[in-house]
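Summary of structural features
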Amino acid sequence: MDVETDRQTVLDVGFDERVQPPKLLLFAVQHLLTLSAIWVFPVLIGITLGLATGDVTAMIQASFLLAGVVTVLQSSRIVRLPIVQGPTAAFFAAVLAAGAAYGLDAAFGSMIVAGLIFMLLTIPIGRLGVLIHFLRFATDPLVYGTICLIIGAQLATLGLPGWFGAEGRPGYGWDLFWVGLATLLTVVACLLLGGTTLIRRAAVLIGMLVGSVLAAVTGLWSLPDFSGVAFVGPPSLLPFGFAVAWPAVLLMLLAFLESSAEAVGMYTLVSRWGGTELTRERINRGLFTEYAGSVAGALFGGLGTASYPENAGIVRVTRVGSRFVTMAAGVIAIALAFLPVFSAFVAGLPGAVLAAASTVLFGIIAMSGVQMMSTVRWDELNLTVAGTAFILALGGQWLPEAFVATMPDWVRALVTTPMMFGAVLLIVLNAAVNYGLRPWLERR
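Given the structure is predicted, the values throughout are model-derived calculations rather than measurements.

Direction vectors running N to C along helix 5 (residues 104-121) and helix 11 (residues 246-273) enclose 55°, while the axes themselves pass 8 Å from each other. Classified by the angle between their axes, helix 5 and helix 11 sit oblique to one another. With respect to the hand of their crossing, helix 5 and helix 11 are arranged in right-handed fashion. Residues Ala106, Ala107, Ser110, Met111, Val113, Ala114, Gly115, Ile117 and Phe118 of helix 5 touch helix 11, and the partners they reach there are Trp246, Ala248, Val249, Met252, Leu253, Phe256, Leu257 and Ser260.

Turning our attention to helix 5. Over its 18 residues, helix 5 runs 26 Å from end to end, which matches the ideal 26 Å to within 8%, given 1.5 Å per residue. Most of helix 5 sits inside the fold, with 13 of its 18 residues counted as buried.

For the coordinates displayed, the defined rule picks out one cavity of 30 Å³ or more. Its volume calculated, the largest cavity comes out at about 60 Å³. The wall of the largest cavity is formed by ten residues, among which Ile147, Leu254, Leu257, Glu258 and Ala423 lie closest to the centre. At four residues, helix 11 tops the list of elements feeding residues into the lining of the largest cavity. A breakdown of the residues in the lining of the largest cavity according to their chemical character gives nine nonpolar, no polar and one charged.

With that out of the way, let us pick up the side chain of Thr305. Following the sequence through the fold, Thr305 ends up in strand 4 (residues 305-307). Residue Thr305 is classed as buried on the basis of its relative accessible area of 2%. Here Gln85 takes part through its side chain, which lies 3.1 Å from a polar atom of the side chain of Thr305. Beyond its immediate sequence surroundings of up to four residues, Thr305 is in contact with Leu66, Ala67, Val70, Gln85, Gly86, Pro87, Thr88, Phe91, Ser259, Glu290 and Ser294.

Quick notes on the rules
- Residues numbered from 1 in each chain as written.
- Predicted model: local features only at pLDDT ≥ 70, side-chain atom pairs only at ≥ 80, totals over all residues.
- Heavy atoms only, no water.
- Axes fitted to C-alpha atoms, helices over the stretch in contact; angles between N-to-C directions.
- Helix = DSSP H or I, 4+ residues; strand = E, 2+ residues; numbered from the N terminus.
- Parallel < 35°, antiparallel > 145°, perpendicular 65-115°, else oblique.
- Left-handed = near helix turned anticlockwise from the far one by under 90°.
- Contact = heavy atoms within 4.5 Å.
- Expected span 1.5 Å × (residues − 1).
- Buried < 20%, exposed > 50% of the residue type's maximum accessible area, 1.4 Å probe, protein only.
- 1 Å grid on protein atoms, 1.4 Å probe; cavity = no way out; pocket = protein on both sides within 12 Å on 5 of 7 lines; lining within 4 Å.
- Points joined across faces, edges and corners; volume = space filled by probe spheres on them.
- Nonpolar A, V, L, I, M, F, W, Y, C, P; charged D, E, K, R; others polar.
- Polar contact = N/O pair within 3.5 Å; in protein donor to acceptor, adjacent residues only side chain to side chain.

What follows is the structure, given as structure tokens:
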């Protein structure tokens, strides 16, 4: 069965067309600059969990490697579309929650187990890939949009509070706050005034650069110590060790489910722009590759990937759909993975600057959920599904500690992690109401 597509082509350069080397490099760098989450998410995890710079460096290296390898595979052999992969907010939230509760060894070990489970559900042989038949429950705009809104609200705790820096560190308080404010204003200005240029695509990166320079000039930050850091070297295998916690596995399963929904949406959208037929078998191969890549990346401490909407936006705006461009972006990401000194520099950037730059990113994640839900028919049934899940998911963070302490580990992990609790509630409620109760009411 084929996925329905609109065959109207909107691209000037098709998927299989090549681009001249100078333009190829320019467009590839443009795609890569959009992947700000590769360095933002690991640094924020490091700040929140109090990790050493070396641990954050390892995560950044592994995330570059994972994003690059999967992007090259998807663009060249698997989906054969201009798809760019990068760390997703779902995995960021999942690793953050699992790392705080069980340690990063269990966070990445559980990601490996969850990835293997999803690989079994999407074996691209005949009818063995069964997951695609169940993804409609996660890809429903009501479900996926509300999950994005919940994730954005959950990540808000890492935004504005982080502008003040860490207590006990130089500049803690209002000094760093003003640096964070300058960073935010720079990002917003680039987004609003950058048009369709590289300035808009690299808004987060430019904001980080301005904030870091300002922090250095005011004496609030200095370059990290690179002594002992190799200029060239591979990512480390199992840098945090290996362990498995089943509540964390459940959390990672939900992160994979969300990344799957995002991937199917991006595959369908981009293929429509190029007038290409997208079969279920092709989607299945793409999903299997994403899961396999995430499993391999987790062995090195990399955050799980998803297909980036921002990069799909670049394809649409530039009208350049050559998969050789995204392939080149993947190659550059792989090269950066073997430069530990670059990852160490990023890991040492001021935390307040990263928090301020990511504030806009978290807000866009939340508002993209609102945008997705614009197609939802907001009757009483759907309002009840989304409203109930949204409030319960966020409210689980504030349950009385004495009550939470009496819960089994897996229940505690479920109800106190908004992304996980919200995903479960939304999938169950949506299936029960829209596929069970609604047809029954209509028959009556």
